[in-house]
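Summary of the model geometry
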Amino acid sequence: RLDIADMQKQVNYFLQLGPLFECAYVQNSLWANVHLEVRKFDDILLILTCVIDPDIQKRLHKLLKEEINIHSITLEELIGLDLLPKKDRILQENRIAVQERHSRELFDKITEVWSLQLFSLTKKNDVWLLVDEDNIISLIEDSIMNLNFIKSSKFIGPIKKEVEVWDVTLCQMLATVKTWYVFQKKWSELEAIFSSIEMRHELSAIFRDFRVVDKNFQDFSNKYLSQRNVNVKTIATSPGILETFQSHIVHLERVSRLLDDYLENKRSTFGRLYFLSREELLQVICNPTDTSVLQPFLPKLFGSVQQLQ
């Protein structure tokens, strides 16, 4: 087996001796011939370094019109191939192979991240919710940026189709996680409102609309998230997940509008109720006989009233 590093070390040693011998033996042509052969061998070593690169084997096969078995070829056989006239072309092919390998390594890092990345989840009322979703979104956006860098390279030929597939995959993941987060936020707000029995009774018709989405979300949570070790890519690219969350958001927005219409109707009967937020007004409406609920909001409703006996 050839030790190219050691051979290169010896060649460099003789090349460094060149100027000394040229000065000492000005009239001797022997050293000039030796120096010429050493330089020639230095080029051969450079070519050999390229040849042993596994990423250039196929390219060399096309270039040389014959296959080189680098594991069994001898130095003599390699020199006999007369590769020096093809030196520039071999070096060019090697540069391309190195750049392609670099692109492949960057791409593999992206795919490796998403083969391991899990969702962070927390449980609330038998439903699993996303935690630290901003970090997941940031990671996806970073991967998209890195993938765009790879796409801009002219050395992605061998992985072009894989890159195109992952381009679509990452965009779908980003859209799904963002939509999921928007849905989760809207669901949490409405779930907090309908968490009390009084609220469900007072707003029974609106609650029934909310319950449709709530039940579907619970089913989704039990089906996909109950194992805890939930891979981001697996879930975020599952067929229909994005469309389901989009549909649920539309449904929750309708529920929210119905709730606002209900509250607007209450406010129109007593203008001072406009001083209360949605959550505050709902507390008052759903506890009409409990004065302790009303007490904290008296200063907002009546500026000079602090407490009722």
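Below, the structure is looked at part by part. None of the values given here were measured: they were computed from a predicted structure. (Residues numbered from 1 in each chain as written. Predicted model: local features only at pLDDT ≥ 70, side-chain atom pairs only at ≥ 80, totals over all residues. Heavy atoms only, no water.)

**Quick word on the overall build of the protein chain**
Of the regular secondary structure elements, the protein chain holds 14 helices and two strands. Buried positions account for 37% of the 309 residues belonging to the protein chain. In the protein chain, of all internal contacts separated by at least 6 residues, the share reaching a separation of at least 24 is 67%. In the form shown here, the protein chain has an accessible surface area of approximately 18900 Å², with 53% of it arising from carbon and sulfur atoms. (Helix = DSSP H or I, 4+ residues; strand = E, 2+ residues; numbered from the N terminus. Buried < 20%, exposed > 50% of the residue type's maximum accessible area, 1.4 Å probe, protein only. Contact = heavy atoms within 4.5 Å. Areas by Shrake-Rupley, 256 points an atom, 1.4 Å probe, with all protein chains shown as cover.)

**Points about the pairing of strand 1 (residues 120–124)**
Pairing geometry for strand 1 and strand 2 (residues 127–131), over five bridges, is antiparallel. Paired with Lys123 across the two strands is Trp128, which belongs to strand 2. Count of turn residues in the strand 1/strand 2 antiparallel hairpin: two residues, of which Asn125 carries a positive phi of about 50 degrees. (Pairing = 2+ DSSP bridges.)

**Some details on the nonpolar core**
By size, the foremost hydrophobic cluster in this structure holds 52 residues, and its most contacted members are Phe119, Trp180, Phe194 and Phe217. Listing elements by their share of this core, those giving two or more residues are helix 5 (87–116), strand 2, helix 6 (133–151), helix 7 (160–193), helix 9 (204–225), helix 10 (232–236), helix 11 (241–269) and helix 12 (278–285). Take this core: its biggest share by element is 11 residues, from helix 7. For Trp180, the residues in contact, after removing those within four places along its chain, are Phe119, Leu130, Phe217, Phe220, Leu225, Ile235 and Phe245. (Core = buried A, V, L, I, M, F, W, Y, C linked by side-chain atoms within 4.5 Å.)

**Concerning helix 9**
An α-helical turn contains 3.6 residues, so a residue and the one three or four places further along point in the same direction. Taking 1.5 Å as the rise per residue, helix 9 with 22 residues should run 32 Å; its terminal C-alpha atoms sit 29 Å apart, in good agreement. Approximately 30 degrees is the largest bend angle found in helix 9, and it occurs at Phe210. Listed as buried for helix 9 are Ile206, Phe207, Asp209, Phe210, Val213, Asp214, Phe217, Phe220, Ser221 and Leu225. Where helix 9 is buried, its residues meet strand 1, strand 2, helix 7, helix 8 (197–202), helix 10 and helix 11. (Expected span 1.5 Å × (residues − 1). Bend = angle between axes of the 7 residues up to and from the residue.)

**Thoughts on the side chain of Ser238**
Mapped onto the elements, Ser238 comes out in the loop between helix 10 and helix 11. A distance of 2.6 Å separates the side chain of Ser238 from the backbone oxygen of Thr234, its partner in a polar contact. Leave out the neighbours within four places in its chain, and Ser238 touches Gln172 and Tyr224. (Polar contact = N/O pair within 3.5 Å; in protein donor to acceptor, adjacent residues only side chain to side chain.)

**Here's the deal with the environment of Ser226**
The topology assignment puts Ser226 in the loop between helix 9 and helix 10. Assessed through its relative accessible area of 34%, Ser226 is described here as partly exposed. Ignoring any residue separated from it by four or fewer positions in sequence, one finds Ser226 in contact with Trp128 and Ser221.

**A short note on the packing of helix 9 against helix 11**
Close contact between helix 9 and helix 11 brings their axes to 9 Å; oriented N to C, the two are set at 155 degrees. Comparing the axis directions of helix 9 and helix 11 gives the class roughly antiparallel. Every pair of crossing elements has a handedness; the one defined by helix 9 and helix 11 is left-handed. Within the contact between the two elements, helix 9 uses Ile206, Asp209, Phe210, Val212, Val213, Asn216, Phe217, Phe220 and Tyr224 and helix 11 uses Ile241, Phe245, His248, His251, Leu252, Arg254, Val255, Leu258, Leu259 and Tyr262. A breakdown of the residues in the contact of helix 9 with helix 11 according to their chemical character gives 14 nonpolar, three polar and two charged. (Axes fitted to C-alpha atoms, helices over the stretch in contact; angles between N-to-C directions. Parallel < 35°, antiparallel > 145°, perpendicular 65-115°, else oblique. Left-handed = near helix turned anticlockwise from the far one by under 90°. Nonpolar A, V, L, I, M, F, W, Y, C, P; charged D, E, K, R; others polar.)

**Brief notes about the packing of aromatic side chains**
Applying the stated criterion across every chain yields a total of 12 aromatic pairs. With a centroid separation of 5.2 Å and 25 degrees between ring planes, the pair formed by Phe194 and Phe210 is classed as stacked. Here Phe210 lies in helix 9 and Phe194 lies in the loop between helix 7 and helix 8, a separation of 16 residues in the sequence. With respect to class, Phe194 is no different from Phe210; both count as buried. Considering the side-chain rings of Phe217 and Phe220, the 6.3 Å spacing of their centres and the 15 degrees angle between planes classify their relative orientation as stacked. (Phe/Tyr/Trp six-rings, centres within 6.5 Å; stacked < 30°, edge-to-face > 60°.)

By themselves, these observations are geometric and do not establish any function.
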